[in-house]
Amino acid sequence: MKHIHTIILTIIFLGVFVLSYAQDEMKENYWNQFRGPNGDGTVTSINLPIEFNETKNVRWKTPIHNKGYSSPVVWGNQIWVTTAREDGSELFAVCVDLNSGDIIYDIKVFDVLKPQLEHPDLNSHASPTPIVEDGRIYVHYGTYGTACLDTKTGDKLWERRNLKCDHRVRPASSPIIDGETIFLTFDGVDVQFIAALNKNTGDTLWLEHRKVDSDFEAVLRAKGITDTEKTKKEKPNDNRKSYATPAIITYNGKKQLVSPAAEVTISYDPKTGDELWRIRHEGWGWNVACRPIFAHNLVYFTTGIEKRLVAVDPSGTGDITDTHIVWSIRKGVPEIPSPLIVNDLMFMVNESGVASCVDAKNGNPIWKGRLGGKYWASPLYADGKIYFFSMDGRVSVISAGRKFKLLAQNEFDGEFIASGAVAGNTLILRSLTHLYCIEEPNPSEIEE
C-alpha cells in the first residue's frame, strides 16, 4: 500500500513538473504586445544572437505583402502582424508559423471606403501593434476599426467600427489589455478620447474624452511663428493629435492607466475612466509616440515634438505639473522611439542615431554614442544587451552598461520601422518587406 502511495505521489509530482515546464516554455514563446510582455522592451531571454545579417543566422525569411509598420507579436508558435494596401482600401492580419516561416493565415479584416492619403511617407494604415493572448488576437486600425480574431481558426469574433477620429496622418496607438478590458486610444485633430471595451464582446465599458484647454496660437507665437493664421490653416488643430500607447501601472496597490495625449499626459482609473492626475506638456507638446515606463516608483514619458522626457511621482491628484515632476531632460531625448530602463539606467536612441544613457533616478547623463542611421523603432533589452533597429536596415547591439560599448552592427537590405520581438532564444524582425526569424543554430544542426 505504501508503495502504491509513493507511485501516486510520483505521478502527481511529474504531472505538476510537466505542466510547470510547459507553462515556462509558453512564457518564453510569447511577445504579446507592443514592447513585449512587460510593455517596456525588456525580456528575460538569453542566448539571442549578436551577429547576423541577410544570410547569417537567419532561420527563415518570409515576405509580408503590402505595407504595415506594426510590430510582430508572438504566442506559442504563431507570429502575427498587420498590413494594408498602399492606398488603405484593405486591411489585413497575417499569421506566420514560428518554426517554418510558412503563412498560416492571411485574413482580410476590413475594407475601407475613404482611407486617409495625406503624407504617405510618414505612416502606414496598419501601424498599431496587435495584442495576442491564448486563442485570441485583437487587431486595431484606429478609426478604421478594431476586431477580435480566433487564433485557431482565423474567424472574426467581434468588431467595432463606430469609434472614430481624424488621425490626419493615420493611426499608430496600440491597444493594451488589463484583465477583461481592452483599452483603445484615439487622439485625432477633431476628437480625443480613450475607450475601454469588454475584450470578450467588444462592448463599451466606458469612454472618456480628453478635457484640455489649449491655445495653439499662443504656442506658435512663443516659438517665434508670426504668421499664426497661415500655420493654423495649413495644419488645423495639429496640436491635438497624438500616437502614444498607454501603460497600466500599479502604485501603492492601485492600478493607474497612464495615457499620453497631445498637450497632456493623463492618469485614469482603469475601472471607471475617472481622471487621477495630469501633467501639462511644455511647448510643442504633441505628436507623442513613446510608451510610458514605470520603475523606481516613477512614471517616465516623453512629450513628442518638444523632445522632453519627464520622470513623475504618480502619487498626486489633479494637475500635478508644478508639484510632482521629479526630474526632466531634453538632451538626446527621442520623439518616436521609446526608451527602456535596465536596473538604474535608462537607455534611448533619438531619430538621428545618437544613443544615450542617463541615471533613471535623477536624469544625470552617463554616456552618449553614435550608432548612425535614422530610428523610429524602439529598442529591446535581453541578457545584458540592447538591440537598436534603424530605418537604414542596421541592427546595432550594445552592452547595457555604464560605458558605451558597441558589440555588433548588422546590415540588412530592408528598412526597420517596426520594433523587434523575442521568442525564447529567437529574434523576430519585421522590415518593410519581410519577416525574419534570427537565431543561432544548435550544434546538432551544424553537424548535420
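In this report, the structure presented in the accompanying data block is examined. (Residues numbered from 1 in each chain as written. Predicted model: local features only at pLDDT ≥ 70, side-chain atom pairs only at ≥ 80, totals over all residues. Heavy atoms only, no water.)

**Regarding the pattern of salt bridges**
Inspection of the entire model under this criterion finds 27 salt bridges. Here Glu 133 and Lys 199 are joined by a salt bridge, their closest N and O atoms 3.1 Å apart. A residue pair is termed long-range when its members are at least 10 positions apart, and Glu 133 in strand β8 (residues 131-133) and Lys 199 in the loop between β14 (192-198) and β15 (204-209) qualify at 66 residues. Considered together, Glu 133 and Lys 199 belong to a single accessibility category, that of buried residues. Where Glu 282 meets Arg 308, a salt bridge forms, and the shortest distance between an N and an O atom there is 3.7 Å. Pair noted here: Glu 282 is in the loop between β19 (275-280) and β20 (293-295) and Arg 308 is in the loop between β21 (298-302) and β22 (309-312), with a separation of 26 residues, a long-range link. A residue is classified by how much of its surface remains accessible, and Glu 282, at 44% relative accessible area, is partly exposed. Each of the salt bridges in this network shares a partner with another, and the network as a whole consists of Arg 85, Glu 90, Lys 108 and Asp 111. (Salt bridge = Lys/Arg side-chain N within 4 Å of Asp/Glu carboxyl O. Helix = DSSP H or I, 4+ residues; strand = E, 2+ residues; numbered from the N terminus. Buried < 20%, exposed > 50% of the residue type's maximum accessible area, 1.4 Å probe, protein only.)

**A closer look at unusual backbone geometry**
Of all residues except glycine, most have a negative phi; of all peptide bonds, most are trans. If you check the backbone angles, Asn 297 has positive phi at about 60 degrees while not being a glycine. If you trace the backbone, Asn 297 turns up in the loop between β20 and β21. With relative accessibility at 49%, the residue Asn 297 sits in the partly exposed group. Of note in the backbone geometry, Asn 343 takes a positive phi value of approximately 55 degrees without being a glycine. Looking at the secondary structure, you find Asn 343 in the loop between β25 (340-342) and β26 (345-349). Classification of Asn 343 by relative accessible area gives exposed; the value is 65%.

**Comments concerning the nonpolar core**
Within the largest apolar cluster, 32 residues are counted, with the highest numbers of intra-cluster contacts made by Tyr 387, Leu 427 and Leu 429. Of all the secondary-structure elements, those providing two or more residues to this core are β5 (78-84), β6 (90-97), β29 (380-382), β30 (385-389), β31 (394-399), β33 (421-423), β34 (426-430) and β35 (434-438). Those residues in contact with Leu 429 that sit more than four places away from it in its chain are Phe 52, Phe 389, Val 395, Phe 412, Phe 416, Gly 420, His 434, Leu 435, Tyr 436 and Ile 438. Membership of the second largest hydrophobic core comes to 21 residues, among which are Trp 75, Ala 126, Ile 137 and Ala 147. (Core = buried A, V, L, I, M, F, W, Y, C linked by side-chain atoms within 4.5 Å. Contact = heavy atoms within 4.5 Å.)

**Notes on the sheet that holds strand β4 (residues 73-75)**
With antiparallel pairing, 5 strands are arranged side by side in an open sheet as β1-β4-β5-β6-β7. Edge positions in the sheet fall to β1 (30-31) and β7 (103-111), since each has one partner strand and no second. As paired strands, β5 and β6 are joined by 7 bridges and run antiparallel to one another. Within β6, the residue paired with Ile 79 across the bridge is Val 96. (Pairing = 2+ DSSP bridges.)

**Here's the deal with the packing of aromatic side chains**
Aromatic rings in a pair are described by how distant their centres are and how their planes are angled relative to each other. Applying the stated criterion across every chain, the model contains 17 aromatic pairs. Seen in terms of ring centroids, Tyr 138 and Trp 158 are 6.3 Å apart; in terms of plane orientation they differ by 50 degrees. Their pairing is tilted. Pair noted here: Tyr 138 is in strand β9 (residues 136-140) and Trp 158 is in strand β11 (residues 156-160), with a separation of 20 residues, a long-range link. Trp 158 shares its class with Tyr 138; the two are buried. An aromatic cluster is present here, built from Phe 52, Phe 412, Phe 416 and Tyr 436 joined pairwise through their rings. (Phe/Tyr/Trp six-rings, centres within 6.5 Å; stacked < 30°, edge-to-face > 60°.)

**Some thoughts on the sheet that holds β21**
Pairing is antiparallel in the open sheet, where 4 strands are placed in the order β20-β21-β22-β24. At either end of the open sheet lies a strand with only one pairing partner, and these are β20 and β24 (325-329). Each strand axis lies, on average, 20 degrees off the axis of its neighbour in the sheet, ignoring direction. In this sheet, β24 lies alongside β22 in antiparallel orientation, the contact comprising 4 bridges. Within β24, the position partnered with Ala 311 by the bridge is Trp 327. (Axes fitted to C-alpha atoms, helices over the stretch in contact; angles between N-to-C directions.)

**Side note on the pairing of β14**
Most of β14 sits inside the fold, with 6 of its 7 residues counted as buried. Examined bridge by bridge, strand β13 (residues 181-187) and β14 share 7 bridges and lie antiparallel to one another. Bridging from a neighbouring strand, Phe 183 pairs with Ala 196 of β14. Two successive antiparallel strands, β13 and β14, enclose a turn made up of 4 residues. In this sheet, β15 lies alongside β14 in antiparallel orientation, the contact comprising 5 bridges. Along β15, the bridge assignment pairs Leu 197 with Thr 204. The antiparallel pairing of β14 with β15 creates a hairpin that spans 5 residues between the two strands, and Gly 202 there sits at a positive phi of about 85 degrees.

**Details of the state of the cysteines**
As enumerated under the stated definition, the model contains 0 disulfides in all. Not engaged in a disulfide, the cysteine Cys 165 finds its nearest cysteine sulfur in Cys 290; these two sulfurs lie 19 Å apart. Its sulfur unpaired, Cys 437 is 14 Å from the next cysteine sulfur, which belongs to Cys 95. (Disulfide = S-S within 2.5 Å.)

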